[in-house]
Structure formats: C-alpha cells, structure tokens
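Here is how the chains run, residue by residue.
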Amino acid sequence: MQQSADELSARAGREGDVLAVVSQSGPTVCFFDAATDLLLDTVEVTAQPHELCFDPTRRLLWCASTYSSGYYHDNAGRRTELTVIDPDTRRVVDVVDIAPEHGPHGIALDAARGRLYVSVEGSDDRPGGVVVIDTESRKPLGRIDTDAPGPHWFAIDPAGTIGYATNKEAPFVSVVDLERGTLTAKIEVPGSEGLAVSADGTHAFVAAPYGSFAPPRGADGSAAAPPAPGIRVVDARTASVTAVLPAQSTVFPVHLTSTGLLLAGELRMETDPQSQLGRQAPGRLLVYSAATHEAVGEVEVGLFPLTITSSPDGRLGYVACVVSSTVDVVDLETLRVLARLDVPRRGEAGAHGLAYVPRQA
C-alpha cells in the first residue's frame, strides 16, 4: 500500500532506530525497525517481563521481571530479576538479582548520576519501596521505603532529586527525596496507576483510580460508586492535586512527549469471570496539552493499553496493548494510526513494556 505524504514525513530519519517491546508471556523482548516496522529479532528473558528502560549512556536496556505468572492482584509469586540487554547486538549481557527485594516493576533512570530506580513490592515485615542501582557496577546501592504495599509505577523529576511512586490500593502517591533517600510526602489520590513528570518538574500527572477488575465495595462490604476516572494533576511544590483531566473509564499508562503532549491509555472493558484481564473492547489513546490541560484528540487502539512511549522528536506515539498483544504506531500530528505491530506471545498477556532506542551514533 502506498504511503501518504504525512506517513512518509513521520517516518523520515528513523533508519537504524529500533523499538523494543516486551511480550509478558513470551517471555521475550522483541525488536522492531522504527522506520519499516519489521520484526528484527527476539530475545528470551526471565518470566514475566513487564517494563523496559533504555540507558543511552551505556546503550543498555533494563527489563524488569515482576511475577512468575499472573498479575499484580493475582500471581503465582514475585520475581527478583532485572535483565540487562545490549540492544545493538540483541543479546543478554547480565541478569541482576535484587533478592530479597521482589516484584520489580517501574523503572526510572537518572543518566547524569548513573542511578536506576526500580519499584519493588512489600512483604509481611517491610513496606514496598524503591531500589537504587548503580548503572556502572549494576549493584544495588540502597532502598527507599514508600510506606505502601504495592508501589508499581515510578517516575523522577528532570533534576533527579524527587521521585514519585504510585500505589495501587494505598490512597496516596508516595513522594521521595532521592538525595536523602527518604519519604517526604503523600499525595492523596484514590489508588493510582501510571504517571509522568513535566519537563520542568513542576507537575506530575497521575492516572487514578486503581484499575481493579472487581466491583468497588464500601467499608461495610456493600457496593460503592467508584471515584471518577481520569488523570490527577499534581502541583509538585505543594504535593497536592490541583485538577483532574477527565476520562470515560480507567486509565493505566501515562506518558509525556518531548513536544509537550500528555498521552494516556484508556481501557474499555467489562468484568469477565473467565478472564483475569476482563472482557476488553478497543481502548483509546487520549491526547492532552500538558501545558493547558486541554484535550487535543483521541485515537482508537488495541485491547487494554498498558504502556506508552514516543519517539525522541515527539512525532510518533507507541501504545502497547497487552490483551491484543499489539503496538499501535500513532502519528501525533495527524492523530492517525500508521501501523499495528503484532507481538508474539504464548499466553493471555502479550505486549507490555516499551523503549525507543535511537541508532548508534
């Protein structure tokens, strides 16, 4: 099929760039050519991979394996490994075991200081927290408690001094001082999922409430109305919610592009007792202006959007959908889906973590 002028423009200059995609049930990391969308290679990793983070300084990919099988609320045991991959040779170069810490998921990189931050789940004798890893030695340097059982997504401000951990069941976002290694604030939200921090560090954008697959219940066990879904806008100075960007249903991933667009993945689903992930309908990519909070538009994507990233120039968005095991490639100027990548899987859960890897200079 002949490509349009817009599509040719969006693809221009991407020769040699690669999109890395986790297949949760693969368990693999797939590498796609960012210019042609062709599948280049597949690397097997420890089950079950969830998120990716690219370190441009050392040109290495970090991949978190979170559970032996299953999901946050229903799993067969939490894993302790981070797999380190060379994206150029597409080979595993190391497996970092952070035991006794377990359930690693959210990953954030401070490239300037050579620090990798990884959220980990709590245990009977310790709350969840964030493990700090030296990216040169690949050794853990310490841990920051978040005072919640399940910190799942983690992001840091551009200065590398403040970190934010969203907590699924706990009614707050944990704010940590990365220099002192301490919990400094709790931002009140009704359980939370993905998040992103603005380029100037003044605001965080938090998806809430928590994406539960069970009907909400009140304190007495009776049915309760769920909190309104959307994205909570957090003032970093006051550690408080100042606005809510509305959504029609639960939002999981949140991402900020280099051009100032706020991207969010909205689920469309019904409870399904036969499936751990519910009965899914096509999801939506919601697009807002991070500066004005105004809605820019929306695009239909695959089933259960779970991770979002974008190209360094902010022109293309990538939406990984775990139930359809696809990645939608979206032109963020025209808000058109340019391609849908099929990610190989072996079970119900497919495409998950994403990382855009620019070509080697």
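Residues numbered from 1 in each chain as written. Predicted model: local features only at pLDDT ≥ 70, side-chain atom pairs only at ≥ 80, totals over all residues. Heavy atoms only, no water.

Bringing the overall build of the protein chain into the picture now. On a plain count of helices and strands, the protein chain comes out with one helix and 30 strands. The C-alpha radius of gyration of the protein chain comes to 19 Å, within 12% of the 21 Å expected for a compact globule of 361 residues. Referenced to the eigenvectors of the C-alpha coordinate spread, the extents of the protein chain come out at roughly 60 × 45 × 45 Å. Within the protein chain, buried positions represent 58% of all 361 residues. Sequence separation of at least 24 residues holds for 46% of the intrachain contacts in the protein chain that already meet a minimum separation of 6. Put simply, the protein chain shows about 14,600 Å² of open surface, and 49% of that area lies on carbon and sulfur atoms. (Helix = DSSP H or I, 4+ residues; strand = E, 2+ residues; numbered from the N terminus. Rg over C-alpha atoms; globule rule 2.2 N^0.38 Å. Buried < 20%, exposed > 50% of the residue type's maximum accessible area, 1.4 Å probe, protein only. Contact = heavy atoms within 4.5 Å. Areas by Shrake-Rupley, 256 points an atom, 1.4 Å probe, with all protein chains shown as cover.)

Taken as a whole, this structure holds four aromatic pairs when the rule is applied. Each ring, one from Tyr72 and one from Tyr210, has its centre 6.4 Å from the other, and the planes form 80°; the classification is edge-to-face. Of the two residues, Tyr72 sits in the loop between strand 6 (70-71) and strand 7 (74-75) while Tyr210 sits in the loop between strand 19 (203-208) and strand 20 (230-235), which places them 138 residues apart along the sequence. Judged on exposure class, the residue Tyr72 and its partner Tyr210 are both buried. A cation over an aromatic ring shows up here: Lys168 above the ring of Tyr72, its NZ or CZ 5.4 Å from the ring centre. (Phe/Tyr/Trp six-rings, centres within 6.5 Å; stacked < 30°, edge-to-face > 60°. Lys NZ or Arg CZ within 6 Å of the ring centre and 35° of its normal.)

Let us look at the pattern of salt bridges. According to the stated counting rule, one finds 26 salt bridges in the structure shown. One salt bridge connects Arg79 with Glu81, and the closest N-O pair in it is separated by 3.0 Å. Classification of Arg79 as partly exposed rests on a relative accessible area of 22%. Residue classification places Glu81 among the buried positions, given a relative accessible area of 14%. A cluster of three or more residues bridged by salt bridges with shared partners is formed by Glu101, Arg126, Arg143 and Asp145. (Salt bridge = Lys/Arg side-chain N within 4 Å of Asp/Glu carboxyl O.)

On to the sheet that holds strand 29 (residues 336-342), then. Strand order in the open sheet made by the four strands is 26-27-28-29, with antiparallel pairing throughout. Sheet topology places strand 26 (305-310) and strand 29 at the edges, where each strand pairs with a single neighbour. Averaged over neighbouring strand pairs, the angle between their axes works out to 20° when direction is ignored. (Pairing = 2+ DSSP bridges. Axes fitted to C-alpha atoms, helices over the stretch in contact; angles between N-to-C directions.)

Let's shift gears to the sheet that holds strand 15 (residues 162-167). Read from one edge to the other, the open sheet built from four strands follows the order 14-15-16-17, with strand pairing classed as antiparallel. A single partner strand is all that each edge strand has here, and the edge strands are strand 14 (151-156) and strand 17 (182-188). Here the average twist between neighbouring strands, direction ignored, is 25°. Two strands pair when backbone bridges link them, and strand 14 and strand 15 are joined in this way by five bridges, in the antiparallel orientation. Bridge pairing in strand 15 places Phe154 opposite Ala165.

Turning our eyes to something else, we now look at the nonpolar core. One finds Tyr164, Val173, Ile187, Leu195, Phe252, Phe304 and Val322 to be the most contacted residues of the largest nonpolar core, which totals 20 residues. Sorting the residues of this core by element identifies strand 14, strand 16 (172-177), strand 18 (195-197) and strand 19 as the ones contributing at least two each. In this structure, Val21, Ala320, Leu354 and Tyr356 belong to the second largest nonpolar core, which totals 18 residues. (Core = buried A, V, L, I, M, F, W, Y, C linked by side-chain atoms within 4.5 Å.)

Here we come to unusual backbone geometry. A cis amide bond links Ala99 with the next residue in sequence, Pro100, at an omega value of 10°. Relative to the assigned elements, Pro100 resides in the loop between strand 9 (91-97) and strand 10 (107-110). In the segment running from Ala208 into Pro209, the intervening peptide bond is cis, with an omega of 5°. Tracing the backbone shows Pro209 in the loop between strand 19 and strand 20. We note that Asp147 has phi near 60°; this positive angle belongs to a residue other than glycine.

In this section: the pairing of strand 25 (residues 295-303). Bridge count between strand 24 (residues 279-289) and strand 25: six bridges; the pairing is antiparallel. Bridge pairing in strand 25 places Arg284 opposite Glu300. Taking the residues that link successive antiparallel strands as the turn, the strand 24-strand 25 hairpin has five residues, and the phi of His293 there is positive, at about 70°.

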